[in-house]
Amino acid sequence: ADAAAEREALGQMVRAYIERIGTKALTLVGQRPLLAEDMAPQVTCAVARRTPRCLASFLGGCGPGGAEEAALEGPGPADTDRVGVVGACLLVVTEMALVHYTKRPKNSGQPSPAELARNAADPGEVVSEKYWKRRFNYFSRYDEGIRMDLGAWFEVTPESVARHIADRMQYHTVVDGTAGVGGNAIQFALTSQRVIAVDLDARRLRDAEHNAAIYGVQERIEFVCADFVDFARTYRGDPIDAVFLSPPWGGPGHLDTEFFSVKDVECCDIVKLFAAAASLSKRVVLYMPRHQDLHEMVLLAAQHGFAAIEVEKVLFQYPTPHLKLVVIYFSADVGMAPRSEHSTKRIGATGASITTSRSAASTVPRAVADPRPGADALLRAPPLAGPIMRALYCRYHYVGRYVLSLAAALERQKKDVGCRPGAGEGRKLGQRQVGAQPPPKIGQAAAPQPANGNGRLPVGGVQSGGSRPSDGQPGGVSRAPRQLAGSQLKSNGTAKARPSFQSRVVQALCRRLGVDPSDETDVSCLAWLQGQMVPIDLMRLAAMAESLREAAGSFGGASPTWAAHFLPALRQHHPALHKSMLEFRKAECSK
């Protein structure tokens, strides 16, 4: 009986594996994967295409209305192998470059085999030296007694990334649906009032609680040992402001594939996890590998009512800038609060301060001292200096790093002096501008910030002059959520940036719907329509028009979509809005 049961289990495993491979192959036939590494920072309207069979296999009954309601107008219900449009949404692609400075002990050199074995939770298993060298990147206080099992060494979120995500998710109540050993939950507890850490592994939760005690935040984290899907179904507590998910990626072997699919993981169903998270909160954040197929994210967004998602490409700066992972934000805030396309953040160990720099459009000029005249001229690079300095960096690591850093610092100072007001007035280093508030002293609480009405702390959590919790506090952190250093967009700056962001959204819709950008009347009508319609309804109409265009065989450019398919769909599903738009168009033409 036992042998028969084993054979049956093995057969089910093989059948499931073959089904996943077949579904992935069919997906490639219908649409090539959309990868973040191939996309520059931009706003674009992405469309997901699947056959009804692939869609049903992907959703697995997790769609709000099932796979049947996901089919758009176009192929008939009996045509199960025909590729069709199944969803559309706006993709806001941004980049964040992280520089992680961690103070390491002097004796953190080559580990002995006994030391590697001792730091593995399971007897007989040894931590790979590759991950051991990065232990202070995972937890800056690793040498204070951090506990991790063998799987956590390649599953835990690096502390610099966890801190950055927590800085963006400053809400009252945050749920970490895949807590593990607490890498993200600890950082959430430093920025939010309440954190619920959910995990199915009781031993990992005990390790997470132990690690949270080292950082002094265990009192603000509620540890729940349960399957996240069951937790979401039975939760009856206070409203959840945001849910974070860092699902397993299948181990280091996931990098061997051309692209990552959420169906590649065997231990959990990421689609079901996302559906459970979307039922808990209107804000869901996914932590995914860098080669994730973004068309699957478009499909998840369309199925659960998200009109726009932000794809944040997280880059590590050293040894050379490289894409490490993507963080995907599902929220209505994506289309409301514009963000900088390029940002750089320098992060030290937890308890130290950080600095954030954004693109020139959103950076407040800093008051810095004028460099000594002619100092940067000594390091001005001739045409061949680039290869020489790179060779110097590779051969003489610390000397080369110092030379490059000094040259870059002097160049930044020169640019800052040129753009800041009063650059020629000879201000001294550290002198405050008139009317500026002095930074809070170490250990002194910053002025309280009002909530914005939805349970969230100030957007971005960036407060000038702030700092991370001081290490002088018990447990190394303060009990109140940390205040962050950097520049924060003021209300008037956000108001000025919003029209620019909305115009980029209109441009993305024009490209998708085939509206001629030189036709001011059609562009004005689309912009007016964007302001009148619920964003998710507009995305559904765009997907429907694309599906009708493909069904009609109109592949000779996207120009016929707007007049031949989008406007008829608008008239059919929103007749009153279509009539109002025609009146608006008539008024525009009469000007």
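Residues numbered from 1 in each chain as written. Predicted model: local features only at pLDDT ≥ 70, side-chain atom pairs only at ≥ 80, totals over all residues. Heavy atoms only, no water.

Colleague: Please explain the packing of helix α16 (residues 520–532) against helix α19 (residues 575–590) as it appears in this structure.
Modeller: Two quantities define a packed helix pair, namely the angle between the helix axes and the distance between the axes. Where α16 contacts α19, the axes come no closer than 10 Å and their chain directions differ by 140°. Classed by the angle they form, the pair α16 and α19 counts as oblique. Of the two possible hands of crossing, α16 and α19 adopt the one that is right-handed. Judged by residue contacts, Thr521, Asp522, Ser524, Cys525, Trp528, Leu529 and Gln532 of α16 engage Leu577, Ser580, Met581, Phe584, Arg585, Glu588 and Cys589 from α19. (Axes fitted to C-alpha atoms, helices over the stretch in contact; angles between N-to-C directions. Helix = DSSP H or I, 4+ residues; strand = E, 2+ residues; numbered from the N terminus. Parallel < 35°, antiparallel > 145°, perpendicular 65-115°, else oblique. Left-handed = near helix turned anticlockwise from the far one by under 90°. Contact = heavy atoms within 4.5 Å.)

Colleague: Where do I start with the nonpolar core in this structure?
Modeller: Grouped burial of nonpolar side chains is what soluble globular proteins tend to show. Grouped together as the largest cluster of nonpolar side chains are 96 residues, with contacts concentrated most on Phe139, Met148, Phe228 and Phe330. In terms of residue count, the dominant contributor to this core is helix α11 (residues 270–280) (eight residues). The contacts of Phe330, once residues within four sequence positions are left out, are Phe274, Lys282, Arg283, Val284, Leu286, Met297, Leu300, Ala301, Phe306 and Ile309. In this structure, Val92, Val505, Met533 and Ile536 belong to the second largest nonpolar core, which totals 34 residues. (Core = buried A, V, L, I, M, F, W, Y, C linked by side-chain atoms within 4.5 Å. Buried < 20%, exposed > 50% of the residue type's maximum accessible area, 1.4 Å probe, protein only.)

Colleague: Would you mind going over the pairing of strand β3 (residues 173–176) with me for this structure?
Modeller: Regular strands have side chains that alternate between both faces of the sheet. Going residue by residue along β3, you find Thr173 and Val175 tucked away on one face and Val174 and Asp176 tucked away on the opposite face as well. Across four bridges, β3 lies against strand β4 (residues 194–199) in parallel orientation. Looking across to β4, one finds that Val174 is bridged to Val195. Remark: the β3/helix α8 (residues 183–189)/β4 crossover connection has right-handed handedness. (Pairing = 2+ DSSP bridges. Right-handed = clockwise from strand over helix to strand, strands pointing away.)

Colleague: When you look at the pairing of strand β8 (residues 308–316) in this model, what are you seeing that I'm missing?
Modeller: Where burial is concerned, most of β8 is hidden: nine out of the nine residues are buried. With eight bridges connecting them, β8 and strand β9 (residues 322–330) associate as antiparallel partners. In the strand pairing of β9, Val314 is matched with Leu325. In this structure, the hairpin formed by β8 and β9 is closed by a connection of five residues.

Colleague: Is there a simple way to explain the pattern of salt bridges in this structure?
Modeller: Counted under the stated rule, the structure contains 17 salt bridges. Linking Glu312 and Arg168 is a salt bridge whose minimum nitrogen-to-oxygen distance equals 3.4 Å. Taken together, the residues span a long stretch of sequence, with Glu312 in strand β8 and Arg168 in helix α7 (residues 159–168) at a distance of 144 residues. For Arg168, a relative accessible area of 13% gives the class buried. Here Arg512 makes a salt bridge to Glu546, at a shortest N to O gap of 3.6 Å. Of this pair, Arg512 sits in helix α15 (residues 491–513) while Glu546 sits in helix α17 (residues 535–551), and the two are 34 residues apart along the sequence. Connected through salt bridges with shared partners, the residues Arg49, Arg512, Glu546 and Arg549 form a single ionic network. (Salt bridge = Lys/Arg side-chain N within 4 Å of Asp/Glu carboxyl O.)

Colleague: Looking at this structure, I do not really get the side chain of Asp241. What am I missing?
Modeller: For Asp241, the location among the structural elements is in the loop between α10 (228–234) and β6 (242–245). No salt bridge is formed by the buried Asp241; the nearest opposite charge belongs to Arg283, separated by 4.6 Å. One polar contact links the side chain of Asp241 to the main-chain amide nitrogen of Thr173, over a distance of 2.9 Å. (Lys, Arg positive; Asp, Glu negative; His and termini not counted. Polar contact = N/O pair within 3.5 Å; in protein donor to acceptor, adjacent residues only side chain to side chain.)

Colleague: What is the right way to read the packing of aromatic side chains from this model?
Modeller: Working definition: an aromatic ring pair is given by the centre-to-centre distance plus the angle between the planes. Under the definition given, this model contains 17 aromatic pairs. Summarising the aromatic geometry, the rings of Phe188 and Phe244 are spaced 5.4 Å apart at their centres and angled 70° between planes, so their arrangement reads as edge-to-face. One end of the pair, Phe188, is in helix α8; the other, Phe244, is in strand β6, and 56 residues separate them in sequence. Using a relative accessible area of 0% as the deciding quantity, one classes Phe188 as buried. Ring geometry for Trp562 against Phe566: centres 5.2 Å apart, planes inclined by 15°, an arrangement best described as stacked. Taken together, the positions of Trp562 and Phe566, both in helix α18 (residues 560–573) and four residues apart, correspond to about one turn of that helix. Assessed through its relative accessible area of 0%, Phe566 is described here as buried. Grouping aromatic residues by their ring pairs yields a cluster made of Trp132, Phe136, Tyr138, Tyr142 and Trp153. Taking NZ or CZ as reference, Arg141 lies 5.3 Å from the ring centre of Tyr215, over its face. (Phe/Tyr/Trp six-rings, centres within 6.5 Å; stacked < 30°, edge-to-face > 60°. Lys NZ or Arg CZ within 6 Å of the ring centre and 35° of its normal.)

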